[in-house]
Structure formats: structure tokens, C-alpha cells
Amino acid sequence: MDLSRFPRRIYTPGPTPLEPMPRFSAALAAQCPGGRGPEVWVKRDDLLGLFPGGNKTRKLEFLVAAALAEGADTLVTCGAPQSNHCRITLAAAVKEGLKCRFVIEERVAGGYDPKGNGNHFMFRLLGVEAITVVPAGSDMGKAMKEVADALAAEGRKAYVIPGGGSNALGGLGYVACAQELQQQCFELGVSFDRVVVGSGSSGTHGGLLAGFLGGNVATPIVGIGTSRDPADQEPLVHREAQAVLDLLGVRLTVPREAVVTIGGWWQPKYSVPNAPMVEAVQMLARSEGLLLDPVYTGKAMAGLIGLARKGRFGAGERVLFLHTGGLPSLFAYAGTVLGDTPLA
Ligand SMILES: *Cc1c(COP(=O)(O)O)cnc(C)c1O
């Protein structure tokens, strides 16, 4: 697949590390049937550029290049109050000399705190131009268009980036990740039996799947839903993967059965902590010195741990966990992940 024909800004100087996690794998095996569990590795997309980076960095390499090509002066995007996507979009805007505005959806009533910590603190530090707060369930596309129209009325030019940067163009970032991973596997002489990734607005899961299908990589991907159960999440991922392949001009139909997600780990609500997340965040911190986030990677890893404990991976199966970032929100949930603040 030829990604070089799409304009791209480069925000990370090289591939992200691909590392085994022997101490975590050993601790996990002790909790698995017969004391045997998967050999878990991690791809460190938490080390992507626009520090503290994450999966949105890869999508924005293509999206911001398109904004610049159109002559935009302002990036407009949307997310939740602790949105990593908004923070990384803002960092890209600053780096490119653009302005940036957000529409923030208050998904949990009262969840927006103008003096909040974590990503919210960084919105202000990095100099967001304006934030419009809307209630849960609002039409985010419409709200962003209103911001773009207001800018146009002032003679400015907005480029609107959808939530999570998850459209066909943003998904190319994870086709690039699939290609990078394929090359690393070749160089290290390793192969994976499965990849586990958090599945939210679907650009990461869908883009990676498109990259695997287009590159003829047979490794199955399991998405752990971070806001939806499979009946709602899988059609999103399927649509995204197909849109990415279509944009690339790859004449393939995404097989329905190639899209696999697992529910049950994101509850009680998107971004609201649960006990398995707390356990996963602590387990990775204390076995590997690896920091997960409470909203996405903590819940995705809780899903991986849960599958392993149920014996759902073959013994010795080599599983890759895609770490998608999210570090700043850890600081907004410090008491919860330490177990000092009781879960709701
Ligand atoms: C946005 C995000 C995800 C989910 O990725 P999607 O492409 O939206 O599915 C996972 N992890 C982190 C840290 C994120 O910020």
C-alpha cells in the first residue's frame, strides 16, 4: 500500500518500540488456568510525538497535512472533557502555527471542570483559543460546523477534524502503524498470534485492520470496547476499515468476521473507572514500570487480563498489546488508580 502519495507531517522521528513484558507475562501466567498464560508484548504508541503522544498523533500526521494543504488557519475538533485527541490536536496546531478550538461533550453530567487537571490543564497550558461545552448526546458535527461558520464569518478558515480523528484519512495513520509493525516483526524475527487494542472512535482498530488486510498480515485483532459493546462497536470498526481501504484504492471487502470486539470492560460508562481497570493500571505499573491510562488502555488491558484468566489465549500464545497513550488523564484520576478514592 502506497502511503507516500498522501501529504503527511512527521511528528515522530522513528518507529515506536516493540518490547516484551516478561515480568507482567509471568505475573499473569500465575493467574491463568494451569499456571500458563500468553507471552505479552507491547507496542509503545504512548511514545509517539507531540509528547505525551498517543494514537491520535499518527492520525494527525495525515489530517493536519490536509488542513495545511487547504490553507486552513484553525483546527476545530471535539471530544470528552479529558480528551487526549483534543490535547494532541492542539499540540499539533501549536507546532504548525495554527489556532485550535474544541467542542467538548460533557458525557458525564458535571464532568467538565474549567480548572480540571490532566488533559484539561494542558488545554489551557497549550493555549486553546476557545472551548464550547455541549451536553451529552449533542450533535457534535453540527456544533463543530457552527464554530467553523463563525470563523468563516471573521474571514478565517477552519479545518474540522472529527472526534478521535477517525475518518478514512486519519485511519491511514494506523495503516502506517501496521506497516511499521510488520517491518519490526521481520527485523526482530518475531510474529504475533494476536493483537489486542482499545476500540473507541474506531480509527485505530479500523485503520490497523485495513493495514493488516491490505498487507496480507493474518494476525487476528481483538478490540476491547472502551465505550460500546460489540453490537454497536463492530459496525463502526467495519465501516472505518472499509473506508480506509477504499481511500487507498485497495480492492478488498473487509470480511465481517475480521472485526472482533469484546464488551463488558468499559462499564459502568465511558471514562468512568471500574475495579478491573484499577487492577490493570496497578499491575502494569508494578510489574513493568509501564503507565496505562484510566479511560482507554487501563480498560483495554483489563480486557486482555480477563481473557487470559479465562484461558482464552493458547498457552504460550504471543499477544501484542497496542499501547495507545493517554498518560495525562492518569493524573486526573490519581486517587482512584491508587485505590484511595472509592469507586462510584
Ligand atoms: C482515542 C484513544 C483510544 C481509542 O482509539 P480510537 O481510534 O478512538 O478507537 C485509545 N486509547 C487512547 C489513549 C486514546 O486516546
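Refer to the structure printed above.
The notes below deal with the structure included here. (Residues numbered from 1 in each chain as written. Predicted model: local features only at pLDDT ≥ 70, side-chain atom pairs only at ≥ 80, totals over all residues. Heavy atoms only, no water.)

With that out of the way, let us pick up the overall build of the protein chain. Regarding its fold elements, the protein chain presents 12 helices and 10 strands. Here the C-alpha radius of gyration of the protein chain, 19 Å, is about what a compact globule of 344 residues would show, namely 20 Å. Taking the principal axes of the C-alpha coordinates as reference, the protein chain spans close to 65 × 50 × 35 Å. Out of the 344 residues belonging to the protein chain, those deemed buried represent 56%. Put simply, 81% of the contacts in the protein chain that link residues at least 6 apart link residues at least 24 apart. As displayed, the protein chain offers around 14100 Å² of accessible surface, 54% of which is attributable to carbon and sulfur atoms. Here the protein chain contributes 33 positively and 31 negatively charged side chains, and the mean placements of these two sets differ by 1 Å. (Helix = DSSP H or I, 4+ residues; strand = E, 2+ residues; numbered from the N terminus. Rg over C-alpha atoms; globule rule 2.2 N^0.38 Å. Buried < 20%, exposed > 50% of the residue type's maximum accessible area, 1.4 Å probe, protein only. Contact = heavy atoms within 4.5 Å. Areas by Shrake-Rupley, 256 points an atom, 1.4 Å probe, with all protein chains shown as cover. Lys, Arg positive; Asp, Glu negative; His and termini not counted. Charge placed at Lys NZ, Arg CZ, Asp CG, Glu CD.)

Ranked by size, the top nonpolar core spans 57 residues in total, and within it L75, F102, Y159, L169, L172, L208 and L248 carry the most contacts. Looking at this core, the elements that each hand over two or more residues are helix 2 (55-69), helix 3 (84-96), strand 4 (99-106), helix 6 (168-188), strand 7 (194-199), helix 7 (203-214), helix 8 (230-248) and strand 10 (318-323). For this core, the element with the most residues is helix 6, which contributes eight residues. In terms of domain composition, this core takes at least three residues from each of domain 1 (18-53 + 167-337) and domain 2 (56-164). Non-local contacts of F102, meaning those with residues more than four positions away in its chain, are made with T77, C86, R87, L90, F123, V128, A130, I131 and T132. One finds L28, A308, F313 and V337 within the second-largest nonpolar core, a separate group that totals 31 residues. (Core = buried A, V, L, I, M, F, W, Y, C linked by side-chain atoms within 4.5 Å. Domains from an automatic or database assignment.)

Taken as a whole, this structure holds three aromatic pairs when the rule is applied. Summarising the aromatic geometry, the rings of F102 and F123 are spaced 4.8 Å apart at their centres and angled 65° between planes, so their arrangement reads as edge-to-face. Of the two residues, F102 is situated in strand 4 and F123 in helix 4 (residues 119-125); the sequence distance between them amounts to 21 residues. Here F102 matches F123 in class, with each residue buried. Considering the side-chain rings of Y270 and Y296, the 5.8 Å spacing of their centres and the 65° angle between planes classify their relative orientation as edge-to-face. Highlighted residues: Y270 in the loop between strand 9 (260-262) and helix 9 (275-288) and Y296 in the loop between helix 9 and helix 10 (297-309), separated in sequence by 26 residues. For R58, the ring lying beneath its charged end belongs to Y174, and the centroid distance is 5.6 Å. (Phe/Tyr/Trp six-rings, centres within 6.5 Å; stacked < 30°, edge-to-face > 60°. Lys NZ or Arg CZ within 6 Å of the ring centre and 35° of its normal.)

The interhelical angle for the contact between helix 2 and helix 3, taken along N-to-C directions, is 45°, at an axis separation of 10 Å. Between helix 2 and helix 3, the angle falls in the class oblique. The chirality of how helix 2 crosses helix 3 is right-handed. Listed contacts from helix 3 to K56, T57, L60, V64 and L68 of helix 2 are N84, H85, I88, T89, A92 and E96. By residue class, the composition of the contact of helix 2 with helix 3 is five nonpolar, four polar and two charged. (Axes fitted to C-alpha atoms, helices over the stretch in contact; angles between N-to-C directions. Parallel < 35°, antiparallel > 145°, perpendicular 65-115°, else oblique. Left-handed = near helix turned anticlockwise from the far one by under 90°. Nonpolar A, V, L, I, M, F, W, Y, C, P; charged D, E, K, R; others polar.)

Okay, the site of the ligand next. Close contacts around the ligand come from 16 residues, with K56, K59, S201, T204 and T324 the closest. The separation between an oxygen atom of the ligand and a polar side-chain atom of N55 is 2.9 Å. Taken by itself the ligand offers 380 Å² of open surface, and the protein chains cover 98% of this. Comparing atom positions with the cavity grids shows the ligand to sit within the largest pocket. Broken down by secondary-structure element, the contributors of at least two residues to the shell around the ligand are helix 2 and helix 7. When residues of the shell around the ligand are assigned to their parent elements, the largest contribution, three residues, is made by helix 2. Both domains that furnish three or more residues to the shell around the ligand are identified here as domain 1 (18-53 + 167-337) and domain 2 (56-164). (Near = heavy atom within 4 Å. Polar contact = N/O pair within 3.5 Å; in protein donor to acceptor, adjacent residues only side chain to side chain. 1 Å grid on protein atoms, 1.4 Å probe; cavity = no way out; pocket = protein on both sides within 12 Å on 5 of 7 lines; lining within 4 Å. Sits in = over half its atoms within 2 Å of the grid points.)

So, about the sheet that holds strand 6 (residues 158-160). Read across the sheet, four strands follow the order 5-4-3-6 without closing on themselves; strand pairing throughout is parallel. Each edge of the sheet is formed by a strand with only one pairing partner; in this case those strands are strand 5 (130-135) and strand 6. With direction set aside, neighbouring strand axes in the sheet form an average angle of 20°. Looking at chain direction, strand 3 (residues 74-79) and strand 6 are connected through three bridges and run parallel. When the bridges of strand 6 are listed, V76 appears paired with V160. Its contacts with the sheet place helix 5 (residues 140-153) against strand 3, strand 4, strand 5 and strand 6, and it is angled at close to 150° to strand 4. (Pairing = 2+ DSSP bridges.)

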